[in-house]
Amino acid sequence: MGSEGGQLRERIEKHVTEVLAPQGHVLLCTSRPAGIDEGGYANAGFRLLQAQPLSVQQQQQVLEQRLGAVGAQRLLEYVDEKMPLDSDTGARVTANPLMLSMVASIFELRSGLAMPETVVNLYMQATGAMLGRAGGGSAAELAPLLQAVFFEAQSSETRVIKEKHLRAAAQRVEDGERSVEWLKELALAECMPLLSLLEARPLELQSTHLSFQEFYAARAICEGAELPNPPWELPASWANTVRMGLDMGNDFCKGLLRSSGKALQGPSVRVRIRGDRHTSALALGAAVSAASQVEEVRVDRFAITLKKVQSETRMDLTQSK
């Protein structure tokens, strides 16, 4: 209720808590976490409950009902090995019912074939399938705009997509204004599977799962979008985007190098990690691996050679203070 009330949300909540509840009406109110004033409801005598992610046992039960015991076991082994953890809950992303359904759908579509070897390939297939069902199948044409929108939101370190993000994204794609209006039309009708409608007025949207936003942001970097900050200044909110991007290969590394400006030009360069140490170090290492002119890079007080970066798949720079 809190998020669907739009501009009248505060008036609706005030009527519920200050008029209906004191009159003794039995009420069940539901809302997304971001759309509720917990204090107001608690003061009105409401009991606040929060839906929890699916447990491992619940995920297994859902999959067994859908795929049978054998199919569920095969898919769960894949989930345990390949699926990343949700940055908010610490659980597998399949603890989100939508994500679990997405993975199960791909499993069914492949009809006994092996699942994608990488998370990136899984997301490519899943997002393509989801867009293929929207707008009578024509919404797949909105993929470039959707990618630009998610990149704008990720760059703003927010999940809530507002009009300003849509307008900025429109400048990045061909025929952007028309595409934005089409996207808004589908979103308002709740026919855009990768987006959830938070409010109609003013329009607020969000990715149905944060990992979709992170996936598209990584793809945008591969295709030329530049980071709002250089790679060594990335906050922790970019961690999953960087991990996905590294699975996308050298195009992502080149994208990070573009976002470095002139800082990684020349045989010997010096940078200082200012963002989240793990995320920034990972992104810096990827950018350096694509910098053919660099022979040595000094990270704070730690010096490494390009040859070492290129020969080692993992290098811990997080302690380079």
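Preceding this paragraph is the structure being described.
Residues numbered from 1 in each chain as written. Predicted model: local features only at pLDDT ≥ 70, side-chain atom pairs only at ≥ 80, totals over all residues. Heavy atoms only, no water.

Asks: It is not clear to me how the overall build of the chain should be interpreted in this structure. Could you clarify?
Replies: When you go through the chain residue by residue, the secondary structure sums to 13 helices and 5 strands. Taken across its 321 residues, the chain has 44% of its residues classed as buried. In the chain, once contacts between residues fewer than 6 apart in sequence are set aside, the share between residues at least 24 apart is 63%. Counting every atom, the chain has about 17,200 Å² of accessible surface; 48% of that belongs to carbon and sulfur. (Helix = DSSP H or I, 4+ residues; strand = E, 2+ residues; numbered from the N terminus. Buried < 20%, exposed > 50% of the residue type's maximum accessible area, 1.4 Å probe, protein only. Contact = heavy atoms within 4.5 Å. Areas by Shrake-Rupley, 256 points an atom, 1.4 Å probe, with all protein chains shown as cover.)

Asks: What is the right way to read helix α4 (residues 97-109) from this model?
Replies: Three or four residues apart is the spacing at which side chains of an α-helix point the same way, because the helix has 3.6 residues per turn. The end-to-end C-alpha distance of α4 is 18 Å, a good match for the 18 Å that 13 residues give at a rise of 1.5 Å each. Elements that come into contact with the buried residues of α4 comprise α3 (56-82), α5 (119-133) and α9 (210-222). Positive backbone phi, at 45°, marks S111, one or two positions downstream of α4. (Expected span 1.5 Å × (residues − 1).)

Asks: It is not clear to me how unusual backbone geometry should be interpreted in this structure. Could you clarify?
Replies: Phi is mostly negative for residues that are not glycine, and the peptide bonds are mostly trans. Note the cis peptide between R201 and P202, where omega equals -15°. The phi dihedral of D175 is positive, around 55°, even though this residue is not glycine. With respect to the helices and strands, the residue D175 is situated in the loop between α7 (163-170) and α8 (176-188). Taking relative accessible area as the criterion, D175 reaches 44% and is therefore assigned partly exposed.

Asks: Just checking my understanding: could you explain the pattern of salt bridges for this structure?
Replies: A side chain with one charge can pair with a side chain of the opposite charge if their charged atoms come near. Using the criterion set out here, one finds 10 salt bridges in the structure. In this structure, E163 engages K184 in a salt bridge whose closest nitrogen and oxygen atoms are separated by 3.3 Å. On the criterion of sequence distance, the pair formed by E163 in helix α7 and K184 in helix α8 is long-range, its members being 21 residues apart. Residue classification places K184 among the buried residues on the basis of a relative accessible area of 14%. Between K184 and E181 there is a salt bridge; the shortest N-O distance is 3.7 Å. With K184 and E181 both in helix α8 and 3 residues apart, this pair spans about one turn of that helix. By sharing partners, the salt bridges in this structure join E163, R167, E177, E181 and K184 into a single network. (Salt bridge = Lys/Arg side-chain N within 4 Å of Asp/Glu carboxyl O.)

Asks: Help me understand the environment of R274 in this model?
Replies: Following the sequence through the fold, R274 ends up in the loop between β3 (268-271) and α12 (277-289). You can call R274 exposed: its relative accessible area is 58%. Measuring from C-alpha to C-alpha, the distance between R274 and W232 comes to 6.3 Å, with 42 residues separating the pair along the chain. Contacts of R274, omitting those with residues within four sequence positions, involve W232 and E233.

Asks: Just to check I follow, could you spell out the nonpolar core for this structure?
Replies: Soluble, globular proteins show a tendency: their nonpolar side chains are buried together. Counting residues in each nonpolar core, the largest one holds 82 residues, and the members touching the most others are L75, L146, L183 and L264. The leading source of residues in this core is α9, at 8 residues. Not counting the four nearest positions on each side in its chain, L146 is found in contact with L131, L183, M192, L194, L195 and Y216. (Core = buried A, V, L, I, M, F, W, Y, C linked by side-chain atoms within 4.5 Å.)

Asks: Looking at this model, I keep getting lost on the packing of α9 against helix α11 (residues 250-258). Mind explaining?
Replies: How two helices pack is summed up by the angle between their axes together with the distance between the axes. Contact pair α9 / α11: the axes reach a minimum separation of 7 Å and the direction vectors enclose 75°. Judged on the interaxial angle alone, α11 and α9 are roughly perpendicular. Contact with α9, carried on its side by A218, I221 and C222, involves D251, F252, G255, L256 and R258 of α11 and no other residues of that element. Across the contact of α9 with α11, the residue classes tally to 5 nonpolar, 1 polar and 2 charged. (Axes fitted to C-alpha atoms, helices over the stretch in contact; angles between N-to-C directions. Parallel < 35°, antiparallel > 145°, perpendicular 65-115°, else oblique. Nonpolar A, V, L, I, M, F, W, Y, C, P; charged D, E, K, R; others polar.)

Asks: Looking at this structure, I do not really get the packing of α5 against α9. What am I missing?
Replies: Running from amino to carboxyl end, α5 crosses α9 at an angle of 105°, the nearest separation of the two axes being 11 Å. Relative to α9, the element α5 is oriented roughly perpendicular. Counted together, V120, Y123, M124, T127, M130 and L131 of α5 and S211, F212, F215 and Y216 of α9 form the full contact between these two elements. Here the residues of the contact of α5 with α9 are counted per class, giving 8 nonpolar, 2 polar and no charged.

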